[in-house]
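Remarks on the overall topology
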There are 2 protein chains.
Amino acid sequence: MCVTLLVQKYGGTSVGDSERIAAVADHVARTRRGGKDVVVVVSAMGKTTDDLIHLADQVSKRQTPREMDMLLSAGERISMSLLCMALADLGVEAVSFTGSQAGIITDTAHMKAKILDIKAERLCKAISEGKVPVVAGFQGVSTAKDVTTLGRGGSDTTAVALAAALGASVCEIYTDVSGVFTADPRVVPNAKKLSAISFEEMLELASSGGRVLALRSVEFARNYNVPLHVRSSFTWEPGTWVKEEDETMEQAVVSAISHEAQEVKITLTKVPDKPGVAAQIFRAIADRGINVDMIVQNISIDGHTDISFTAPRQDMETALEVTEKVAQQIGAEAVYGDAEIGRVSLVGAGMKSHPGVTATVFETLAREGINIEMISTSAIRISCVVRESQLEAAVVALHSAFEL
Amino acid sequence: MCVTLLVQKYGGTSVGDSERIAAVADHVARTRRGGKDVVVVVSAMGKTTDDLIHLADQVSKRQTPREMDMLLSAGERISMSLLCMALADLGVEAVSFTGSQAGIITDTAHMKAKILDIKAERLCKAISEGKVPVVAGFQGVSTAKDVTTLGRGGSDTTAVALAAALGASVCEIYTDVSGVFTADPRVVPNAKKLSAISFEEMLELASSGGRVLALRSVEFARNYNVPLHVRSSFTWEPGTWVKEEDETMEQAVVSAISHEAQEVKITLTKVPDKPGVAAQIFRAIADRGINVDMIVQNISIDGHTDISFTAPRQDMETALEVTEKVAQQIGAEAVYGDAEIGRVSLVGAGMKSHPGVTATVFETLAREGINIEMISTSAIRISCVVRESQLEAAVVALHSAFEL
């Protein structure tokens, strides 16, 4: 490719009103005039999607997934056509493409469709004619020719998938924060913006409470090696690069701390400790579509053990119902649900070669009088469950202890 | 076809909010349970289209027609998916179809596209599976695979075109009035609802200020002989049938009176009376896309004549500009624009055989002291231009004179 191609994705707040759309159009026009080819991916304006869901709640208790997708896909049509008109005013020829027109082919799982293929002929043609394609994020067309949406973080996924299919040199994700921080700046005011982070670290952050990027889109970017640049559409300053780890990247022991308050801990007491029991519990949970995060099993005493696990708080009712049913079947004593928990996670590629991190975490939290209720680790992450009331104190203490 | 097929079209006010959508769903469900197959065509909810146009005005001065179509087509996606969900709640399986999915193929004239073909396979399949297709009105897909809209009255046209393509027994047009009246009830409080009217009469009414049905959709219905039933989605009472004239239909001398206040009269004085002059004027006007309605030319005195014509008031500025340019070229004396006019029209299939109608019109208006400034007639219509301030008095007097 002789000309650099960028994919720029703008989220809902970035195109939240007509002034924001004008600002985005101005930035796209500058990029284009800088001699670069640009493909733009947009989300629906601000609260449009919430408003549409509210309308659906009003008319129906049975929200047919196919019709929900038809409904929600209206949002991006509005933002993308407005952006194209704003670009035309600036003398930039832009053409909007629905998911279907952009050739984003998905499976038939409405409201959580997966991209199967991208037939980018129309986009390539528009680019070769010097036009700026503006593509609807979050949506595609199924193999049954129905409109589908990609679920949470769908617009990021659209952008990364297009960047991969078109061989873009970078996928810029414009949002309302200026990058990925060492911790949530609302909790830790002196949190610092990271200039770069590896795909693996970003994956751990995204799955442990970091809300800047959706997990799926980071997985997609890693699998296709698409460098991401997360940055602000309000300040336009350079943000955080998310890319393959390389020697030039500083290997901090701990890169960032994330936290998650929307979880619940469920405990089964006096579970008979024999093979197959854990499988029975977690198969039943999985069958209801609930993602279990951490699992802890105590040592066995008198042939019995306690098992605790965490799950998203919104699934608490279902998880308790399923667990109680299984508890009866396997002869466990009781089931307890605890929604007052929080999880703090430390992520850093350098952890692999620094075995002392866990000890520092324990010492730091002990010094603050914070009890650790559950622990799980990966090669580059340590997560601890603590009381929700102590969660922010834990984040602040750890951020300071690791001098972030 | 063994089962009766109805096409039901619901306008913007009929699906204006969630309660209206529930009422429409209820009516569709009753029709379906009555053993009939139903295809529903919906407009965008209430003021959605106006809101979208307002957004476009905010972001852009150059409203690219292709992008305007993309923008406006979002409106029907919302109303149709909501209606499908409301139907699902009532146990009626409904499937929404965009213009493209419904196979409505148009030319590439954005914002005023014409339907070229209807490929109804997906609709036929859904009907044969016992489902109720809910189709987006007003939109189609062009031969270049772009989203198009059909312009004013587009949803009525969609409904009639589908009724023709599917061989429906009737196309029901649900709106916020209960049918076609002998005059506008806001002007003539004792105006009566007509139970039936011929296509030809409806065409004359639609083109002379009657706002119940768009002219195009009536032309389409006449050409394909699709009976229309115009009725209210608020009272659900029987409305007015629009169909081929037959012997059983009462041939009133005058069926209805319509009026139009949004016009302008433009007059050229002392136009040299030689061949080709009128052609030069009206070619120039037509080239700017302005529809001229009535044209009057006085008798020639000393080789000069005066020419007056009427046009939509919104085109006044352009029409004056063009006319003044032509006036200079052809050596006319002056050009005057008059926006203070109104037009009253009497329509009736029985006029053909009753030559005295014109005389009664003149006598009635003279008795009221109303001066007639221009006249035009067809076989079943008489239109008079009067002062706008006297328009409503003219309508009332004529409605009474013809005992409607």
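Along each chain, the written sequence defines residue order, and numbers are assigned to residues from 1. In the order they appear in the text, chains get letters beginning with A and ligands get numbers beginning with 1. Local features in a predicted model are, by the rule used here, given only for residues with pLDDT of at least 70; side-chain atom pairs are given and counted only at 80 or more, and totals for whole chains, interfaces and linings are based on all residues. Excluding hydrogens and water, the side-chain figures rest on all heavy atoms present in the structure.

Our working rule: UniProt positions are given in the numbering used here, feature names are shortened, and annotations may be inferred rather than shown by experiment.
The name that an unreviewed UniProt entry assigns to chain A is Aspartokinase, with the source organism given as Ferrithrix thermotolerans DSM 19514. As its UniProt record puts it under Sequence similarities (unreviewed entry), chain A is described as follows: "Belongs to the aspartokinase family." Taken from UniProt, the Function (unreviewed entry) comment for chain A reads in full: "Catalyzes the phosphorylation of the beta-carboxyl group of aspartic acid with ATP to yield 4-phospho-L-aspartate, which is involved in the branched biosynthetic pathway leading to the biosynthesis of amino acids lysine, threonine, isoleucine and methionine."

**A word on the relation of the copies chain A and chain B**
To keep it simple, the criterion reads: We place the copies in one frame by least squares, fitting the C-alpha atoms of every residue whose pLDDT is at least 70 in both. The contact criterion used throughout is that any non-hydrogen atoms of two residues lie within 4.5 Å.
At an RMSD of 0.1 Å, chain A and chain B line up after a rotation of 180 degrees and a shift of 0.0 Å along the axis. On this basis, the relationship between the two copies can be described by a two-fold rotation axis. In terms of proximity to the rotation axis, the leading residue of chain A is A:Ala74, whose C-alpha is 2.3 Å off the axis. Most of the interface of chain A is mirrored in chain B, where 100% of its interface residues again form contacts.

**Remarks on the environment of A:His304**
All names here are of chain A. Filter applied, for reference: Helix and strand labels come from DSSP, where a helix needs a run of H or I of at least four residues and a strand needs a run of E of at least two; each type is numbered from the N terminus. Using a 1.4 Å probe on the protein chains alone, a residue whose accessible area is under 20% of its type maximum counts as buried, one over 50% counts as exposed, and one in between counts as partly exposed.
For His304, the location among the structural elements is in strand E16 (residues 304-312). The exposure class of His304 is partly exposed, given its relative accessible area of 32%. Along the backbone, His304 and Lys270 are 34 residues apart, and their C-alpha atoms lie at a distance of 5.1 Å. If we skip the residues at most four places from it in the chain, His304 touches Lys270, Val271, Pro272, Asp273 and Ile299.

**Some details on the UniProt feature "binding site: substrate" (unreviewed entry) in chain A**
Residue and element names in this part refer to chain A. As recorded in UniProt, the feature "binding site: substrate" (unreviewed entry) lies at Thr49 and Glu76. Spanning 28 residues, the annotated positions come together in the fold, the maximum distance between their C-alpha atoms being 9.1 Å. As for its placement among the helices and strands, Thr49 is situated in helix H2 (residues 48-59). In this structure Thr49 comes out as partly exposed when scored by relative accessible area, which is 22%. With sequence-adjacent residues up to four places away left out, Thr49 is seen in contact with Ala44 and Leu72. Take Glu76: it is sitting in helix H4 (residues 74-89). Judged by its relative accessible area of 2%, Glu76 falls in the buried class. Not counting residues within four places of it along the chain, the set of residues in contact with Glu76 comprises Val42, Ser43, Ala44, Ala136, Gly137, Phe138 and Gln139.

**Focus: helix H6 (residues 154-166) of chain A**
Residues and elements named next belong to chain A. Quick reminder of the rule: For a helix, the expected span equals 1.5 Å multiplied by the number of residues minus one.
Over its 13 residues, H6 extends 18 Å from the first C-alpha to the last, a length consistent with the 18 Å expected when each residue adds 1.5 Å. Counting buried positions along H6 yields 11 of 13 residues, so the element is predominantly enclosed. Regarding H6, the residues found buried are Gly154, Ser155, Asp156, Thr157, Thr158, Ala159, Val160, Ala161, Leu162, Ala163 and Leu166. Immediately beyond the C-terminal end of H6, within one or two residues, lies Gly167, with a positive phi of roughly 65 degrees.

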